[in-house]
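Next come the chains, spelled out residue by residue.
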Amino acid sequence: MFLVGSFFLFAAFLITTCIFVIFSKNPVNSVLFLVLAFLNSTFLFILIGAEFVGIILAIVYIGAVAILFLFVVMMLDIQITTLMFNIKRYIPLALLFAGIILAEIIYLTVFKTSKVNIDTFIRSKNNTEQIGDVLYTNYFIDFQLSGIVLLLAMIGAIVLTHVYRPTIKRQNIDSQNSTTAKDRVQLVKIKPGEGIKDD
Amino acid sequence: MTSLSLEITIGILKIFSFVVPVLVSVALLVYLERKVLGAVQLRKGPNVVGPFGILQSFADVLKLLTKENLLPSSSNKFLFIFAPMLTLILSLIAWAVIPISSTYVIANINIGILYLFAVSSFGVYGVIIAGWASNSKYPFLGALRSAAQMISYEVSIGFVIITVLICVGSLNLIDIVESQKNMWFAIPLLPMFVVFIISALAETNRLPFDLPEDEATLVAGFFTEYSSISFGLFFLAEYANMILMSSLTVILFLGGWYPPIDIFPLNAVPGIFWFVTKVFLILFVFLWVRATFPRYRYDQLMRLGWKIFLPLTLIWVVITSAFLFYSGLLPN
């Protein structure tokens, strides 16, 4: 009873926050609602006993991805009035994505072809160990491949943004650290009434 | 009384038994900080309110409570008030999983260390929301600095935690402490211990990494617009976070509630005494660092995080796991 009640509570919150993500006028509010949506899906994962997946979702999406979103959105100078875009423009794309995700869910729930028989697991193990057992044995290649894809994406992003321009002045930390007092300061004895001659 | 309501009552009492000492020790920590800084700078520090000035922070709290709470007219009102609350809530809910002895903990969960990591990484939201909701230049710059800084140092904290987890083989905080019964992780993982303490300084926005509130360039950083108790909440949260990160250091590296040597007079002392003593020592290091080091420049901070700590911790993860694997010491 308690579990079912909490499920409907968090699910309702999740859907409400998702709607607010789309319809908030201010993009910063949208990102904050997105954070709430992530948080609610974390609760849902914890509710079905998948605490590892839930908390990793929280660390990765709330702790890193959404912060970077917020970081970028806050720095954009957006006039709120210009954001009242025409929603109809995006409906075909949205329907396409929704269709793909729906098809995936149907495929996974109705025609599920799991490589592993879940019942063979010992239930007493906690789900962190269960995930580790499957991830590094049955799905080893898939896991490594997704790692390589992410690495490529990271290198691509760095290559795209890291443009070398000789006009940019940079701090050279090594030369700063290797500077001694002699390079910068000079002890000069001045005779009264003469001042320092500039070389 | 039914068993459920009894359970709830005990739970609430347990929560209070953590939160009240934390808040009192925050007040004492502020006093300690001013005394330590005074001693380092050959001053007396607070010495008027109460014996040796020990009631100074309580007087300061009263002063903050009685002041007028100003709301900037151009700010986002809801988020402006919400940000300090969020910061304090996040620094207190983390205590739910901190074990101060082998049996005394509010929630002994399987993924305690991940929960702590998640909660400490949410801490940046309070700062970034405060900076944005103030709708003012200095707080905004402070918020941007803080977001970049905390994300950078979370990466190295994550790798340090992974190194410890490889040695333990469990994500449970009690398991982590119990595996240090014979040898504290601070000894075999000394470089990671140092990296963790420095990253903890950056994560809690303490000197020498307090660029989000750099008074020389940003007035007061992200809480420039805050007054009265909403400033007080940020202040409380910063010190509560310091105590939290110190306890995390003690749990990960200094053997939690275990005595330094497992011999008779030492192991007869209750574990909570050792835990509190170690937390106190780490907190003293925090204050000592503040009194000793000048503030970092922003590019130096980023360089330290990404170009020194990240490769160092990454290599140590590989070295540790390779050593454990080939020496057959890998847990499980």
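All of these numbers come straight from a predicted model, not from anything done at the bench.

What counts and what doesn't
- Residues numbered from 1 in each chain as written.
- Chains lettered and ligands numbered in written order.
- Predicted model: local features only at pLDDT ≥ 70, side-chain atom pairs only at ≥ 80, totals over all residues.
- Heavy atoms only, no water.
- Helix = DSSP H or I, 4+ residues; strand = E, 2+ residues; numbered from the N terminus.
- Buried < 20%, exposed > 50% of the residue type's maximum accessible area, 1.4 Å probe, protein only.
- Polar contact = N/O pair within 3.5 Å; in protein donor to acceptor, adjacent residues only side chain to side chain.
- Contact = heavy atoms within 4.5 Å.
- Expected span 1.5 Å × (residues − 1).
- 1 Å grid on protein atoms, 1.4 Å probe; cavity = no way out; pocket = protein on both sides within 12 Å on 5 of 7 lines; lining within 4 Å.
- Points joined across faces, edges and corners; volume = space filled by probe spheres on them.
- Nonpolar A, V, L, I, M, F, W, Y, C, P; charged D, E, K, R; others polar.
- Buried area = accessible area lost by both parts, 1.4 Å probe.
- Salt bridge = Lys/Arg side-chain N within 4 Å of Asp/Glu carboxyl O.
- Axes fitted to C-alpha atoms, helices over the stretch in contact; angles between N-to-C directions.
- Parallel < 35°, antiparallel > 145°, perpendicular 65-115°, else oblique.
- Left-handed = near helix turned anticlockwise from the far one by under 90°.
- Phe/Tyr/Trp six-rings, centres within 6.5 Å; stacked < 30°, edge-to-face > 60°.

Description of the side chain of Ser121(B)
Phase 1: Tracing the backbone through its elements, the reader meets Ser121(B) in helix α4 (residues 112-133).
Phase 2: Residue classification places Ser121(B) among the buried residues on the basis of a relative accessible area of 1%.
Phase 3: Here the side chain of Ser121(B) touches Ala118(B) through a polar contact of 2.8 Å, landing on its backbone oxygen.
Phase 4: Apart from the residues lying within four places of it in its own chain, the contact partners of Ser121(B) are Gly63(A), Ile67(A), Glu154(B) and Glu203(B).

Things to note about the environment of Ile198(B)
Residue and element names in this part refer to chain B.
Phase 1: By the secondary structure assignment, Ile198 is in helix α7 (residues 190-203).
Phase 2: On the accessibility criterion, Ile198 (24% relative accessible area) is partly exposed.
Phase 3: For the pair Ile198 and Val160, spaced 38 residues apart in sequence, the C-alpha separation works out to 12 Å.
Phase 4: Leaving out residues up to four positions away in the same chain, Ile198 has contacts with Phe209, Leu304 and Phe309.

Re unusual backbone geometry
Residues and elements named next belong to chain B.
Phase 1: Look at Asn135: it is not a glycine, yet its phi comes out positive at around 55 degrees.
Phase 2: For Asn135, the position within the fold is in the loop between α4 and α5 (137-168).
Phase 3: Not every positive phi belongs to a glycine, and Ser228 is a case in point at roughly 55 degrees.

Some details on helix α2 (residues 27-47) of chain A
Phase 1: Counted at 1.5 Å a residue, the expected span for α2(A) with its 21 residues is 30 Å, and the 30 Å between its end C-alpha atoms agrees.
Phase 2: Restricting attention to buried positions, one finds in α2(A) the residues Pro27(A), Val28(A), Ser30(A), Val31(A), Leu32(A), Val35(A), Ala37(A), Phe38(A), Asn40(A), Ser41(A), Thr42(A) and Leu44(A).
Phase 3: Lining the buried residues of α2(A) we find α1 (2-23) and α3 (51-75) of chain A together with α3 (77-93) and α4 of chain B.
Phase 4: Two to three positions downstream of the cap, the backbone nitrogen of Val28(A) sits 3.0 Å from a side-chain oxygen, assigning the N-cap of α2(A) to Asn26(A).

A word on empty space enclosed by the protein
To find the voids left in a structure, one rolls a probe of water-molecule size over its atoms.
Residues and elements named next belong to chain B.
Phase 1: For the structure on display, the rule yields two cavities of 30 Å³ or more.
Phase 2: Its volume calculated, the largest cavity comes out at about 230 Å³.
Phase 3: Residue lining of the largest cavity: 19 residues in total, with Thr87, Met150, Glu203, Asn205 and Asn241 positioned closest to the centre.
Phase 4: Residue assignment for the lining of the largest cavity shows that the elements contributing at least two residues are α3, α4 and α9 (228-253).
Phase 5: With five residues, the single largest contributor to the lining of the largest cavity is α9.
Phase 6: Considered class by class, the residues forming the lining of the largest cavity number nine nonpolar, seven polar and three charged.
Phase 7: Approximately 40 Å³ is the volume attributed to the second largest cavity.
Phase 8: The residue inventory of the lining of the second largest cavity, partitioned by class, reads seven nonpolar, three polar and no charged.

Topic: the interface of chain A and chain B
Phase 1: Counting residues at the interface gives 29 residues for chain A, matched by 27 residues for chain B.
Phase 2: Carbon and sulfur atoms make up 77% of the area that chain A and chain B hide from each other, which totals about 2,200 Å².
Phase 3: Of all residues in chain A, Ile59(A), Ile67(A) and Met74(A) give up the largest surface area on contact with chain B, accounting jointly for 25% of the area buried on that side.
Phase 4: Here chain A is connected to chain B by one salt bridge.
Phase 5: Put simply, Arg303(B) and Asp174(A) hold a salt bridge, and the shortest N to O gap is 4.0 Å.
Phase 6: Remark: the boundary between chain A and chain B carries three residue pairs in polar contact (both at pLDDT 80 or more).
Phase 7: Breaking the side of chain A that touches chain B down by element, the ones donating at least two residues are α2, α3, α5 (127-135) and α7 (173-177) of chain A.
Phase 8: Among the elements that make up the side of chain A that touches chain B, the one with the highest residue count is α3(A) (16 residues).
Phase 9: In terms of residue class, the side of chain A that touches chain B is built from 19 nonpolar, seven polar and three charged.

Here's the deal with the packing of α1(A) against α2(A)
Each pair of packed helices can be described by the angle between their axes along with the distance between the axes.
Residues and elements named next belong to chain A.
Phase 1: Packing of α1 against α2 brings their axes to within 8 Å, and their N-to-C directions diverge by 160 degrees. The angle between α1 and α2 places the two elements in the roughly antiparallel class. By crossing handedness, the relation of α1 to α2 is classed as left-handed. Taken together, the residues of α2 that come into contact with α1 (itself represented by Leu3, Ser6, Phe7, Phe10, Ala11, Phe13, Leu14, Thr17, Cys18, Phe20 and Val21) are Ser30, Phe33, Leu34, Leu36, Ala37, Asn40, Ser41, Phe43, Leu44 and Leu47.
Phase 2: For the contact of α1 with α2, the class distribution of residues is 16 nonpolar, five polar and no charged.

Quick word on the environment of Ile93(B)
Residues and elements named next belong to chain B.
Phase 1: With respect to the element layout, Ile93 can be found in helix α3.
Phase 2: Separated by 74 residues in sequence, Ile93 and Val19 have C-alpha atoms that sit 9.0 Å apart.
Phase 3: Leaving out residues up to four positions away in the same chain, Ile93 has contacts with Tyr115 and Val119.

Some words on the pattern of salt bridges
Residue and element names in this part refer to chain B.
Phase 1: Applying the stated criterion to the full structure yields seven salt bridges over all chains.
Phase 2: The partner of Arg295 in a salt bridge is Asp210, with the nearest N and O atoms 2.6 Å apart. Here the residue Arg295 occupies a position in the loop between α11 (271-292) and α12 (298-326), and Asp210 occupies one in the loop between α7 and α8 (215-218), the gap between them amounting to 85 residues.
Phase 3: Taking the relative accessible area as the measure of exposure, Arg295 reaches 25% and is therefore partly exposed.
Phase 4: With relative accessibility at 5%, the residue Asp210 sits in the buried group.
Phase 5: Linked by salt bridges that have partners in common, Glu33, Arg206, Glu238 and Arg290 make up one network.

Some points on the packing of aromatic side chains
Residue and element names in this part refer to chain B.
Phase 1: Counted under the stated rule, the structure contains 24 aromatic pairs over all chains.
Phase 2: With centroids separated by 5.5 Å and ring planes inclined at 5 degrees, the aromatic side chains of Phe18 and Tyr104 adopt a geometry described as stacked. Here Tyr104 lies in the loop between α3 and α4 and Phe18 lies in helix α1 (residues 3-40), a separation of 86 residues in the sequence.
Phase 3: Judged by relative accessible area, which is 4%, Phe18 ranks as buried.

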